[in-house]
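Coordinates in review
Spelled out from the first residue to the last, the chains are:
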Amino acid sequence: MQINTIATTLQEWYKDSKRDLPFRATTDPYKIWISEIMLQQTQIKTVIPYYNRWIETFPDIQTVANSKLDSLLKIWEGLGYYRRCVNFHNATKIVLKNYNGKIPSDYNTFIKLPGVGKYTAGAVLSISFGIKIPAIDVNVYRVISRFQCLNKSVNINKIIYNLISSMLEYVNSPGDFNQALMDFGSLICTKINPKCKICPISTYCKAYLKNQVNQYPKIRKRNSKPHYDVVVGMIWYNNKFYIQKRSPDSMLPGLWEFPGGKVDKGETFEIALKRGIKNETGFMPTIGNKIDSIKHSYSHFSISLHCFQCFIKNKKLTYSRKFEWITPNDIKNFSFPKANHKLFNLISQKNWYV
Ligand code: ADE
């Protein structure tokens, strides 16, 4: 195999076929960095409007570092994996404090920042600073696994990394080459129905030559996700309802929610809800009607979220977490998880008030 030929062919393909994406109009490391963080686990078409709004609201790294996490989460709301936003905020504060606001171009320094892993470091440093370092996402992994018929082994990541590193020696724009591999995986060497008939490197592709393209990459079968019932209470008092803020260290960090909790085995919804609300707030509510239920899937589990009307006799709280009493009109001023928005949509078609 001529590594030089493959690298050149992919570069040529990219010149003609690359996708027109808003973050490709720049090499500003701040913009590339936030785009790559948003693109983790998330499709490009979902990211684009979030990226545009983010850049409009926070045009540079100083603005991010000096903003409150709440205002960042409001822009991030709905994009999921909120830890990315918290980590990015913390990382920008470190860049401002330790590096005078200048994003480090050194791999070992950049990768130490919160939320920056091998992929993100490779993508940002190659695109923004022209450093010859691979950026291996699922698309790139699939392309090279097929190209070389790589079976799952302890050193498969190293083999892929080394092969791309050797290709990078022949290219003049490492950022473009890394993105060429990503686009090639998204557009030609697709997971389902790969377009081998128009693939410019099929004659070098080991899986294609053996008619085994669909057998690669070898993927370990995932166990099915657990499913939980979660009960939450909409606690009304003087036409306002109670919301509380999740801890910055939890899943869905810094977002707002209703109090409640997971239903234990054998427990009724009512008992679980009374227990959850008492633990989280100190309120001893009377449970009213069920308002609605929704289903929501997270990366490692899924839930049925059941929401009940709740009544309290006094507003005395014993738990010290941050909370607010709000009206339905105030919802837009807080960041809620997607599951809550699904509930709000259903409730708004009914009567909000008890
Ligand atoms: N996925 C993540 N980052 C990407 C990029 N820069 N180009 C194409 N696909 C991507």
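Predicted model only: the values in this text are computed from it and were never measured. (Residues numbered from 1 in each chain as written. Predicted model: local features only at pLDDT ≥ 70, side-chain atom pairs only at ≥ 80, totals over all residues. Heavy atoms only, no water.)

**Notes on the domain arrangement of the chain**
Each assigned domain of the chain is listed here: domain 1 (3–215) and domain 2 (227–350). The gap between the C-alpha centroids of domain 1 and domain 2 is 37 Å. Counting residues at the interface gives nine residues for domain 1, matched by 18 residues for domain 2. Between Asp70 and Lys245 there is a salt bridge, and its shortest N-O distance comes to 2.9 Å. Here domain 1 is connected to domain 2 by 11 residue pairs in polar contact (both at pLDDT 80 or more). Looking at the side of domain 1 that touches domain 2, the elements with two or more residues in it are helix 5 (69–76) and helix 6 (83–98). Its residues placed into classes, the side of domain 1 that touches domain 2 shows four nonpolar, one polar and four charged. (Domains from an automatic or database assignment. Contact = heavy atoms within 4.5 Å. Salt bridge = Lys/Arg side-chain N within 4 Å of Asp/Glu carboxyl O. Polar contact = N/O pair within 3.5 Å; in protein donor to acceptor, adjacent residues only side chain to side chain. Helix = DSSP H or I, 4+ residues; strand = E, 2+ residues; numbered from the N terminus. Nonpolar A, V, L, I, M, F, W, Y, C, P; charged D, E, K, R; others polar.)

**Concerning the packing of helix 9 (residues 138–148) against helix 10 (residues 156–168)**
Viewed as axis vectors pointing N to C, helix 9 and helix 10 meet at an angle of 90°, and their least axial separation amounts to 10 Å. Classified by the angle their axes make, helix 9 and helix 10 are roughly perpendicular. Seen from helix 9, the contacting residues are Val140, Tyr141, Ile144, Ser145, Phe147 and Gln148; seen from helix 10, they are Ile156, Asn157, Ile160, Leu163 and Ile164. Classifying every residue of the contact of helix 9 with helix 10 by side-chain character gives eight nonpolar, three polar and no charged. (Axes fitted to C-alpha atoms, helices over the stretch in contact; angles between N-to-C directions. Parallel < 35°, antiparallel > 145°, perpendicular 65-115°, else oblique.)

**Points about the site of the ligand**
In the region of the ligand, the neighbouring residues are Arg19, Arg24, Glu36, Leu39, Ile44, Tyr119, Asp137, Gln179, Met182 and Asp183. Residue Arg24 places a side-chain N or O atom 2.7 Å away from a nitrogen atom belonging to the ligand. Contacts to the ligand include Gln179, whose side-chain N or O atom sits 2.9 Å from a nitrogen atom. Bound to the protein, the ligand loses 94% of the 260 Å² it would expose on its own. If you list the elements that add at least two residues to the shell around the ligand, you get helix 2 (29–39) and helix 11 (174–187). A per-element tally of the shell around the ligand places helix 11 first, with three residues. (Near = heavy atom within 4 Å. Areas by Shrake-Rupley, 256 points an atom, 1.4 Å probe, with all protein chains shown as cover.)

**A closer look at unusual backbone geometry**
Cis rather than trans, the peptide bond between Tyr216 and Pro217 has omega equal to -5°. Note on placement: Pro217 falls in the loop between helix 12 (206–209) and strand 1 (227–237). In this structure, Asn239 takes a positive phi of about 65° despite not being glycine. Along the chain, Asn239 turns up in the loop between strand 1 and strand 2 (240–245). Unlike most non-glycine residues, Leu252 shows phi in positive territory, near 55°.

**Focus: the packing of aromatic side chains**
If you walk through the whole model with that rule in mind, you get 23 aromatic pairs. Plain terms: the ring middles of Trp13 and Phe184 are 5.2 Å apart, the flat faces sit at 90° to each other, and that makes the pair edge-to-face. In this pair, Trp13 is assigned in helix 1 (residues 3–17) and Phe184 in helix 11, connecting sequence segments 171 residues apart. Residue Phe184 is classed as buried on the basis of its relative accessible area of 1%. Pairing Phe258 with Phe344 gives two aromatic rings, centres 5.9 Å apart and planes at 90°, and the pair type is edge-to-face. Of the two residues, Phe258 is situated in the loop between strand 3 (256–257) and strand 4 (260–262) and Phe344 in helix 14 (residues 338–348); the sequence distance between them amounts to 86 residues. The structure contains a cluster of three or more aromatic residues connected by ring pairs, namely Tyr30, Trp33, Trp54, Phe58, Trp76, Phe88 and Phe110. Looking at Arg53, its charged tip hangs above the ring of Tyr50, at a distance of 5.0 Å from the centre. (Phe/Tyr/Trp six-rings, centres within 6.5 Å; stacked < 30°, edge-to-face > 60°. Buried < 20%, exposed > 50% of the residue type's maximum accessible area, 1.4 Å probe, protein only. Lys NZ or Arg CZ within 6 Å of the ring centre and 35° of its normal.)

**Points about the pairing of strand 5 (residues 286–297)**
Relative to strand 6 (residues 302–311), strand 5 is paired through nine bridges, and the arrangement is antiparallel. Within strand 6, the position partnered with Asp292 by the bridge is Cys307. Counted between consecutive antiparallel strands, the loop separating strand 5 from strand 6 contains four residues. (Pairing = 2+ DSSP bridges.)

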